[in-house]
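Fold and contact review
Each chain, written out:
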Amino acid sequence: IVLIYLFNIQKKHSKSITYIDTHAGNGQYKYLSRYMDKNKEYKNGIKKIEKYDGNNTLILNYLKKLKNITKNNNFYPGSPFIVSNISNNLDKLHFCELHNNEFIILKKNLNKFTNIKIINTDGYNYLDKISNNDKSLFILIDPSYEIKEDFDKINNILDNIETKYLKSKIIIWYPILAYEDNDSFIKNIRKKGLSNLINIELPINSNNDDIGMKGSGLLLVNFTESKILRDLKLLIKDLHFYLKQSDDVFNPKVRYL
């Protein structure tokens, strides 16, 4: 939802967007599959949001886009598939995927689009090679965090904002695995003293639940429009209401760090 919202805002300012997705995946996730059937996360995620009956325009626009993209074909579109569908031929989209099988499937899933480049590479390395302060990029960093080094690499990117990414817009997703560790992660980011850094956190499981992921967070770098914070606060309030697993779940957060 936030990706679509911020991409559309950027389109109002830029005729052409150079977009980098560092961990693209394969672009399509079928609900009836061995992968999706493993933990059935979609039942507590998108399937709940599909029942949304409120008036938040960001959620409604997201659901409308999904319907247009999937044609009710029983799959969830990943970020490459979504961005390919909301971009135009003036935009240049770069999708990085390190795993060979995912890379091959992504090429197949996006074969109708002509404004894309799919690279079988480590997204962090690709980003490091092409980024500098003269370039205006729109970057999505959405790793699995299956290895602890992913958090270190996120910190490294944030440490280089002023030397490599001053003109770029960056969206970083991260999981909330344990609230205590997450507090330390955010505390260390605060110490960096970055300007124009918005943090969103959406807890959906309580602190007592024996569940690996308690919720999700986003770091939004260099998005400066004044209305963004207000719009995100309204969005996260509705999402929290629909997605929280119990009434004792922590409240969501939308704030400048």
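Our subject in this report is the structure included herewith. Nothing here was measured: the structure is a model prediction, and the numbers come from that model. Every chain begins its residue count from 1, and numbering advances along the sequence as written. Reporting of local features is limited, given that this is a predicted model, to residues whose pLDDT is at least 70; pairs of side-chain atoms are given and counted only at 80 or more, and all residues count toward the totals for whole chains, interfaces and linings. Side-chain numbers here rest on the full set of heavy atoms in the structure, without hydrogens or water.

1. Observations concerning the packing of aromatic side chains
Counted only if it meets this: The pairing test for Phe, Tyr and Trp rings, Trp by its six-membered ring, is centres within 6.5 Å, and the orientation test on the planes gives stacked under 30 degrees, edge-to-face over 60, and tilted for anything in between. In this analysis the charged atom, NZ for Lys or CZ for Arg, is taken to sit over a ring once it is within 6 Å of the ring centre and within 35 degrees of the ring normal.
Evaluation of the coordinates by the stated rule reveals 15 aromatic pairs. Consider the rings of Phe241 and Tyr242, whose centres lie 5.6 Å apart with planes at 75°: the pair is edge-to-face. Taken together, the ring pairs connect Phe7, Tyr19, Phe95, Phe138 and Phe223 into an aromatic cluster. The ring of Phe223 has Lys169 sitting right over it, with the charged end atom 5.9 Å from the ring centre.

2. What about the side chain of Glu225?
Keep this limit in mind: Segments assigned H or I by DSSP are reported as helices when at least four residues long, segments assigned E as strands when at least two residues long, and all are numbered from the N terminus. In this scheme, a residue with accessible area under 20% of its type's maximum is buried, one over 50% is exposed, and one in between is partly exposed, where area comes from a 1.4 Å probe on protein chains only. Asp and Glu count as negative and Lys and Arg as positive, but His and the ends of the chain are not part of the count. Within this document, salt bridges are pairs made up of a side-chain nitrogen of Lys or Arg and a carboxyl oxygen of Asp or Glu, the two lying within 4 Å of each other. Each polar contact in these results corresponds to two N or O atoms within 3.5 Å; when the atoms are within protein, one needs to be able to donate a hydrogen and the other to accept it, and residues that are neighboring in sequence are counted only if both atoms are side-chain atoms. The contact criterion used throughout is that any non-hydrogen atoms of two residues lie within 4.5 Å.
Looking at the secondary structure, you find Glu225 in the loop between β9 (215–221) and α11 (227–243). Notably, Glu225 is buried but unbridged: the nearest opposite-charge side chain belongs to Lys169, and the N-O separation is 5.1 Å. A polar atom in the side chain of Glu225 sits 2.8 Å from the side chain of His13. Residue contacts for Glu225: discarding those within four places in its chain leaves Ile9 and His13.

3. Focus: the sheet that holds strand β1 (residues 18–21)
Selection criterion: Being paired, for any two strands, means DSSP has found at least two bridges between them. Lines fitted to C-alpha atoms define the axes, with helix axes restricted to the stretch in contact, and inter-axis angles between N-to-C directions lie between 0 and 180 degrees.
Ordered in space as β5-β4-β1-β6-β7-β9-β8-β10, the eight strands form an open sheet in which the pairing is mixed. Here the strands that pair on one side only, and so sit at the sheet edges, are β5 (116–119) and β10 (253–256). With direction set aside, neighbouring strand axes in the sheet form an average angle of 15°. Pairing analysis gives four bridges linking strand β6 (residues 137–141) to strand β7 (residues 169–176), with the strands arranged parallel. Opposite Leu140, over in β7, you have Ile171 as the bridge partner. Contacting β1, β6, β7, β8 (197–203) and β9, helix α1 (residues 2–13) runs over the sheet at an angle of about 175° to β6. Packed onto the sheet, helix α7 (residues 123–130) meets β1, β4 (92–96), β5 and β6 and runs at close to 160° relative to β6.

4. Details of the environment of Asn88
With respect to the helices, strands and loops of the structure, Asn88 is situated in the loop between α5 (79–86) and β4. When its relative accessible area of 32% is taken as the criterion, Asn88 is described as partly exposed. In this structure the side chain of Asn88 is engaged in a polar contact, spanning 2.9 Å, whose partner is the backbone nitrogen of Leu90.

5. A closer look at the packing of α1 against α5
Heads up, the condition is: Angle categories: roughly parallel below 35 degrees, roughly antiparallel above 145, roughly perpendicular from 65 to 115, and oblique for all the rest. The sense of a crossing depends on the near helix, which, turned anticlockwise from the far helix by less than a right angle, makes the crossing left-handed and, turned clockwise, makes it right-handed. Residues were grouped as follows: Ala, Val, Leu, Ile, Met, Phe, Trp, Tyr, Cys and Pro as nonpolar; Asp, Glu, Lys and Arg as charged; and all remaining residues, including Gly, as polar.
For the pair α1 and α5, interaxial distance at closest approach is 11 Å and the crossing angle is 30°. On the basis of the axis angle, α1 is roughly parallel to α5. When you trace α1 past α5, the crossing you get is right-handed. Where α1 approaches α5, its residues Leu3, Ile4, Phe7 and Asn8 are matched on the opposing element by Ser79, Ile82, Val83 and Ile86. Taken together, the residues of the contact of α1 with α5 break down into six nonpolar, two polar and no charged.

6. A few points about the pattern of salt bridges
Scanning all chains against the criterion turns up seven salt bridges. Salt-bridge contacts for Arg230 lead to Asp231; the nearest nitrogen and oxygen are separated by 3.6 Å. By relative accessible area, which is 12% here, Asp231 ends up buried.

7. Looking at the pairing of β7
Of all eight residues making up β7, eight are buried, and the element is well covered by its neighbours. Here β7 shows two buried faces, one formed by Lys169, Ile171, Trp173 and Pro175 and the other by Ile170, Ile172, Tyr174 and Ile176. With seven bridges connecting them, β7 and β9 associate as antiparallel partners. Looking at β9, one finds that Ile170 is bridged to Val221.

8. Remarks on the environment of Tyr52
Here Tyr52 lies in the loop between α3 (46–49) and α4 (57–70). Each C-alpha atom, one on Tyr52 and one on Pro252, is 18 Å from the other, the two residues being 200 residues apart in sequence. Beyond its immediate stretch of four places on either side in the chain, Tyr52 contacts Ile59, Leu60, Leu63, Asp238 and Tyr242. Within polar-contact distance, the side chain of Tyr52 engages the backbone nitrogen of Asn56 at 2.9 Å.

Functional significance is not addressed by these values, which are geometric in nature.
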